[in-house]
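Below, each chain spelled out in residue letters.
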Amino acid sequence: MKATKDMVIADILRLGEGLGPIFMKAGLRCAGCPSAQRETLEDAGVGHGVDVDALIEEINAHLEAQGA
């Protein structure tokens, strides 16, 4: 399954191993944030000034490399 920017962050983090560091590198400390249970990646990205399209590409490339 591929991640999309309209997915809730917690759902994206459950897609595969090793996604937490990708979020951290982008400046999103979502893994431990209560908002991750209800906030979409796009909402978080806008709120933190993150290029969501680039982040989605990186997340999906990571998932593809893992065979997820």
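This text follows the structure it describes.
Described below are features of the structure shown in this document. For clarity, every value in this text was computed on a predicted model and none was experimentally measured.

1. Topic: the overall build of the chain
Link 1 in the chain: Per the secondary structure count, the chain includes 4 helices and 0 strands.
Link 2 in the chain: For the chain, the succession of helices and strands along the chain, N to C, is α-α-α-α.
Link 3 in the chain: Taking 68 residues into account, the globule formula puts the C-alpha radius of gyration at 11 Å, and the chain, at 11 Å, falls close to it.
Link 4 in the chain: Across its three principal axes, the chain shows a C-alpha extent of roughly 30 × 20 × 20 Å.
Link 5 in the chain: Counting only residues that meet the buried cut, the chain has 37% of its 68 residues in that class.
Link 6 in the chain: A fraction of 61% describes how many contacts in the chain between residues 6 or more apart in sequence connect residues 24 or more apart.
Link 7 in the chain: Working note: accessible area of the chain is about 4,100 Å², and carbon and sulfur atoms make up 51% of it.
Link 8 in the chain: If the 6 positive side-chain charges of the chain are averaged to one point and the 11 negative ones to another, these points end up 4 Å apart.

2. A few points about the packing of helix H3 (residues 41-48) against helix H4 (residues 52-66)
Link 1 in the chain: Packing of H3 against H4 leaves a shortest axis separation of 10 Å and a crossing angle of 130°. Our classification of the angle between H3 and H4 gives oblique. Viewed along their axes, H3 and H4 form a crossing whose handedness is right-handed. Contact residues: Leu41, Glu42, Gly45 and Val46 in H3; Val52, Leu55, Ile56 and Ile59 in H4.
Link 2 in the chain: Across the contact of H3 with H4, the residue classes break down as 6 nonpolar, 1 polar and 1 charged.

3. Comments concerning the nonpolar core
Link 1 in the chain: Within the largest apolar cluster, 19 residues are counted, with the highest numbers of intra-cluster contacts made by Ile12, Phe23, Leu28, Leu41 and Ile59.
Link 2 in the chain: Going through the elements one at a time, helix H1 (9-13), helix H2 (19-25), H3 and H4 are the ones with two or more residues in this core.
Link 3 in the chain: Excluding residues within four positions of it along the chain, Ile59 makes contact with Ala3, Ile12, Leu19, Ile22, Phe23 and Leu41.

4. A word on the side chain of Asn60
Link 1 in the chain: Position of Asn60 among the secondary structure elements: in helix H4.
Link 2 in the chain: With residues up to four places along the chain from it excluded, the contact list for Asn60 reads Lys2 and Ala3.

5. Thoughts on H4
Link 1 in the chain: With 15 residues, H4 ought to run about 21 Å at 1.5 Å a step, and its terminal C-alpha atoms sit 21 Å apart, in line with that.
Link 2 in the chain: If you check which residues of H4 are buried, you get Val52, Leu55, Ile56, Ile59, Asn60 and Leu63. Across the axial projection of H4, the buried residues extend over an arc of 125°, all falling on one side. Structural note: H4 exposes Glu57, Glu64 and Ala65 on the side pointing more than 90 degrees away from its buried face.
Link 3 in the chain: Here H4 starts with a cap whose side-chain oxygen sits 3.2 Å from the backbone nitrogen of Asp53, and that cap is Asp51.

Conventions and cut-offs
Residues numbered from 1 in each chain as written. Predicted model: local features only at pLDDT ≥ 70, side-chain atom pairs only at ≥ 80, totals over all residues. Heavy atoms only, no water. Helix = DSSP H or I, 4+ residues; strand = E, 2+ residues; numbered from the N terminus. Rg over C-alpha atoms; globule rule 2.2 N^0.38 Å. Buried < 20%, exposed > 50% of the residue type's maximum accessible area, 1.4 Å probe, protein only. Contact = heavy atoms within 4.5 Å. Areas by Shrake-Rupley, 256 points an atom, 1.4 Å probe, with all protein chains shown as cover. Lys, Arg positive; Asp, Glu negative; His and termini not counted. Charge placed at Lys NZ, Arg CZ, Asp CG, Glu CD. Axes fitted to C-alpha atoms, helices over the stretch in contact; angles between N-to-C directions. Parallel < 35°, antiparallel > 145°, perpendicular 65-115°, else oblique. Left-handed = near helix turned anticlockwise from the far one by under 90°. Nonpolar A, V, L, I, M, F, W, Y, C, P; charged D, E, K, R; others polar. Core = buried A, V, L, I, M, F, W, Y, C linked by side-chain atoms within 4.5 Å. Expected span 1.5 Å × (residues − 1). Arc of directions from axis to C-beta. Polar contact = N/O pair within 3.5 Å; in protein donor to acceptor, adjacent residues only side chain to side chain.

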